[in-house]
Number of protein chains: 2
Amino acid sequence: MAYGSSAVGETYAPVGIENETGAGGFVFLCEHASNYIPPSMGTLGLDSEALSSHIAWDPGALGVARALAGLLDSPLVASGLSRLLIDCNRETDAPDLIPVRSELTDIPGNADLDEAARRHRINLAHVPFHAAAEAVISARCAAGLRPAVVSLHSFTPVYKGVSRPWEIGLIHDRDPALAAPVLKALADTTTHVVGDNEPYSPADGVFYSLDRHAQSLGLPHLMIEIRNDLLKTPAQEQGWARLLAPLLKDALAGLDRSGGTHA
Amino acid sequence: MAYGSSAVGETYAPVGIENETGAGGFVFLCEHASNYIPPSMGTLGLDSEALSSHIAWDPGALGVARALAGLLDSPLVASGLSRLLIDCNRETDAPDLIPVRSELTDIPGNADLDEAARRHRINLAHVPFHAAAEAVISARCAAGLRPAVVSLHSFTPVYKGVSRPWEIGLIHDRDPALAAPVLKALADTTTHVVGDNEPYSPADGVFYSLDRHAQSLGLPHLMIEIRNDLLKTPAQEQGWARLLAPLLKDALAGLDRSGGTHA
């Protein structure tokens, strides 16, 4: 793949689309798939440890999203650029759109950006990601389908010194139609510690993508957060995807049977 | 590279950026770099011959653009999708934005598109391409540079039955600052048959990208068209790039010495 792994002078892509032709009922989004920063933007004043940590991306999220897109034969739209440059899951006027501090780390390269630099970040990553997501989702809608939009994320086990007990969290807002049956299935059939609107909730401003591409259109949707210490290997990524795929599929089938309470 | 060469189910990128960190004075654009059509969109009713012909892309243009970006150490922004889906070098209200006929070929898959389908095409390819171009160019401007924007194209030797004598054409509009010295150098130092606003001119609506990303900003710019029967091999692509690179470099140096008549 071209995004997230380029070296100096190589091609990179602000956004990638996978399996667009998939016949499944989902569209997966991965806003924090990559920690790639174009060479022209240097290191933002950060060391390599910070640039590979959760402040730069959601480690493991792309692996889970890709596996789910495969298991459920559905498209995936993934950003190719680090959230340190710009957070594709934030309103463009959000204070943490281009974070000057993330968790406990100051980001010198994001301090005192002028309007031109802000605009550059928006055009480089935010605009292409959402244009691609909109294209993929609106094409399905135009074909008479009502895809469920699922956004994949990972979270750090310790945030600002506080341990987080949840192994997986499901984030939902005004319409829990898709979240509720998945929460129930996780409770009924697994021993995982599951967060319900934890470790984040829409009040934290993390629902931008899903609101824009699903909630506002009346499409089923769900944000999934997995603790990143449980996503250290491809096998773990695959494992979460194998666990979640049938739950998502059953939840969506339940919605379809109920005649679309989510409309 | 990920764009322009994907098979079913593979990743593809609506736009790619190469050598963004290059220290040279140019930004190269290639709107018709690829004939890739996502599997979800089928074949638009065309046979494989049409899908690989000049109506689908500008064969050879990416090779020349990439070689120039290397020789002049400058960024390249290239579309990853076929012009048959949408022409990134047209206004979004142009009648040939999504062509229903190209040269002598009807394009069934483009007939009678509704607004949703039109919107999908725009978001899939046009928006990401121009967002990426704007990001790359505006970042240079914000850094106090005034990059020259050069768009690379190729044209078919016979169009609607009429042979075209030109081997290369330079297209320019209200500001010939960069075009004029390159035209003169080609006339003085080569035996090529050179078109001056041939085989197209801005009156044909082909100046959209350069107007948007350069002329309207007062940046030097030039559109280069090379006849595609002279771009059959990588060696030919490299040859044109080696010919053009010093001419472009000298032309830009002349502008800089003259203190920017193009401002």
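Residues numbered from 1 in each chain as written. Chains lettered and ligands numbered in written order. Predicted model: local features only at pLDDT ≥ 70, side-chain atom pairs only at ≥ 80, totals over all residues. Heavy atoms only, no water.

The name an unreviewed UniProt entry assigns to chain A is N-formylglutamate amidohydrolase, from the organism Roseibium aestuarii.

### What about the nonpolar core?
Counting residues in each nonpolar core, the largest one holds 80 residues, and the members touching the most others are Val77 and Leu84 of chain A together with Val77 and Leu84 of chain B. Secondary-structure elements contributing two or more residues to this core are strand S1 (15–18), strand S2 (26–30), helix H1 (48–51) and helix H3 (115–142) of chain A together with strand S1 (15–18), strand S2 (26–30), helix H1 (48–52) and helix H3 (115–142) of chain B. Once you skip the residues sitting within four places of it in the chain, Val77 of chain B turns out to touch Val15, Gly16, Phe28, Leu29, Cys30, Phe129, Ala132, Ala133 and Val136 of chain B. (Core = buried A, V, L, I, M, F, W, Y, C linked by side-chain atoms within 4.5 Å. Buried < 20%, exposed > 50% of the residue type's maximum accessible area, 1.4 Å probe, protein only. Helix = DSSP H or I, 4+ residues; strand = E, 2+ residues; numbered from the N terminus. Contact = heavy atoms within 4.5 Å.)

### Some points on the side chain of Asn197 of chain A
All names here are of chain A. When you line up the elements, Asn197 lands in the loop between strand S10 (194–196) and helix H5 (208–213). Here His172 takes part through its backbone nitrogen, which lies 2.8 Å from a polar atom of the side chain of Asn197. The residues contacting Asn197, other than those within four sequence positions of it, are Leu170, Ile171, His172 and Pro202. (Polar contact = N/O pair within 3.5 Å; in protein donor to acceptor, adjacent residues only side chain to side chain.)

### Quick look at the relation of the copies chain A and chain B
Once chain A has been moved 0.0 Å along the axis and rotated by 180 degrees, it coincides with chain B to within an RMSD of 0.0 Å. Both chain copies can therefore be described as sitting about a two-fold axis. Closest to the rotation axis within chain A is the C-alpha of Pro128 of chain A, separated from it by 2.2 Å. Comparing contact sets, 100% of the residues at the interface of chain A also lie at the interface in chain B, consistent with an isologous, same-surface contact. (Least-squares fit on C-alpha atoms with pLDDT ≥ 70 in both.)

### Re the packing of aromatic side chains
All names here are of chain A. In the structure shown here, the tally under the stated rule is four aromatic pairs over all chains. Aromatic pair Tyr12 and Tyr36: ring centres 5.0 Å apart, planes at 50 degrees, arrangement tilted. Within this pair, whereas Tyr12 is found in the segment before S1, its partner Tyr36 is found in the loop between S2 and H1, the two being separated by 24 residues in sequence. The class for Tyr36 is buried, based on a relative accessible area of 6%. Between Phe26 and Phe28, the aromatic rings sit 5.7 Å apart at their centres with planes inclined by 15 degrees, giving stacked as the arrangement. In terms of burial, Phe26 and Phe28 fall into one category: buried. (Phe/Tyr/Trp six-rings, centres within 6.5 Å; stacked < 30°, edge-to-face > 60°.)

### Examining the side chain of Arg83 of chain A
Residue and element names in this part refer to chain A. With respect to the helices, strands and loops of the structure, Arg83 is situated in the loop between strand S3 (76–79) and strand S4 (101–102). At a separation of 3.5 Å, a polar atom in the side chain of Arg83 contacts the side chain of His32. With near-sequence residues (within four places) excluded, Arg83 lies in contact with His32, Ser34, His54, Ile55, Ala56, Trp57, Asp58, Arg90 and Pro99.

### Description of the pattern of salt bridges
What the rule picks out here adds up to 24 salt bridges over all chains. Salt-bridge contacts for Asp229 of chain A lead to Arg227 of chain A; the nearest nitrogen and oxygen are separated by 2.8 Å. With its nearest N and O atoms 2.9 Å apart, the salt bridge here joins Arg90 of chain B to Asp96 of chain B. The network of salt bridges with common partners includes Asp58, Arg83, Asp87, Arg90 and Asp96 of chain A. (Salt bridge = Lys/Arg side-chain N within 4 Å of Asp/Glu carboxyl O.)

### Topic: the packing of helix H4 (residues 179–189) of chain B against helix H6 (residues 234–257) of chain B
All names here are of chain B. H6 packs onto H4 with a crossing angle of 135 degrees between their chain directions and a minimal axis gap of 9 Å. Of the possible angle classes, the one that applies to H4 and H6 is oblique. Handedness of the crossing formed by H4 with H6: right-handed. Of H6, the residues touching H4 (which contributes Pro181, Val182, Ala185 and Leu186) are Leu243, Leu247, Leu248 and Ala251. Among the residues making up the contact of H4 with H6, the classes are represented as eight nonpolar, no polar and no charged. (Axes fitted to C-alpha atoms, helices over the stretch in contact; angles between N-to-C directions. Parallel < 35°, antiparallel > 145°, perpendicular 65-115°, else oblique. Left-handed = near helix turned anticlockwise from the far one by under 90°. Nonpolar A, V, L, I, M, F, W, Y, C, P; charged D, E, K, R; others polar.)

### Side note on the sheet that holds S10 of chain A
All names here are of chain A. Strand order in the open sheet made by the seven strands is S1-S3-S2-S6-S11-S9-S10, with mixed pairing throughout. Of all strands in the sheet, those with a lone pairing partner are S1 and S10, marking the two edges. Strand-to-strand, the axes of this sheet are offset by a mean angle of 20 degrees, without reference to chain direction. Sheet topology note: the strand S6 (residues 148–155)/strand S11 (residues 221–227) ladder contains seven bridges and is parallel. Bridged to Val150 within S11 is Leu222. H3 rests against S1, S2, S3 and S6 of the sheet, and its axis sits at about 175 degrees to S2. Most of the contacts of helix H6 (residues 234–257) go to S11, to which it runs at about 160 degrees, and overall it touches S2, S6, strand S9 (168–171) and S11. (Pairing = 2+ DSSP bridges.)

### Describing the packing of H3 of chain A against H3 of chain B
It is the contact of H3 of chain A with H3 of chain B, at a shortest axis distance of 8 Å, that shows an interaxial angle of 170 degrees. As summarised for this structure, H3 of chain A and H3 of chain B are arranged roughly antiparallel, according to the angle between their axes. Residues belonging to the contact of H3 of chain A with H3 of chain B are distributed by class as follows: 20 nonpolar, six polar and two charged.

### Looking at the environment of Gly109 of chain A
Residue and element names in this part refer to chain A. Positionally, Gly109 belongs in the loop between strand S5 (105–106) and H3. Note on Gly109: relative accessible area 26%, which makes it partly exposed. C-alpha of Gly109 to C-alpha of Gly45: the two residues are 64 residues apart in sequence and 5.6 Å apart in space. Ignoring sequence-local partners within four residues, the contact set of Gly109 consists of Leu44 and Arg121.

### Remarks on the interface of chain A and chain B
Of the residues lining the interface, 34 residues belong to chain A; the matching set on chain B comes to 34 residues. Approximately 2500 Å² of surface area, both sides summed, lies buried where chain A meets chain B, with 64% of it carried by carbon and sulfur atoms. Looking only at chain A, the three residues that lose the most surface to chain B are Thr11, Ile17 and Glu20 of chain A, adding up to 19% of its buried area. Across the chain A-chain B interface, the total number found is zero salt bridges. (Buried area = accessible area lost by both parts, 1.4 Å probe.)

### Notes on unusual backbone geometry
The peptide bond linking Glu198 of chain A to Pro199 of chain A adopts the cis configuration, its omega dihedral lying at 5 degrees. One non-glycine residue, Asp112 of chain B, lies in the positive phi region at around 55 degrees. For Asp112 of chain B, the location among the structural elements is in the loop between strand S5 (105–106) and H3. Judged by relative accessible area, which is 78%, Asp112 of chain B ranks as exposed.

### Focus on helix H4 (residues 179–189) of chain A
Residue and element names in this part refer to chain A. Restricting attention to buried positions, one finds in H4 the residues Ala179, Val182, Leu183, Ala185 and Leu186. One side of H4 holds all its buried residues, which, seen down the axis, span an arc of 165 degrees. Relative to its buried face, H4 has exposed residues pointing more than 90 degrees away, namely Lys184, Ala187, Asp188 and Thr189. Buried positions along H4 lie against S9, S10, S11 and H6. (Arc of directions from axis to C-beta.)

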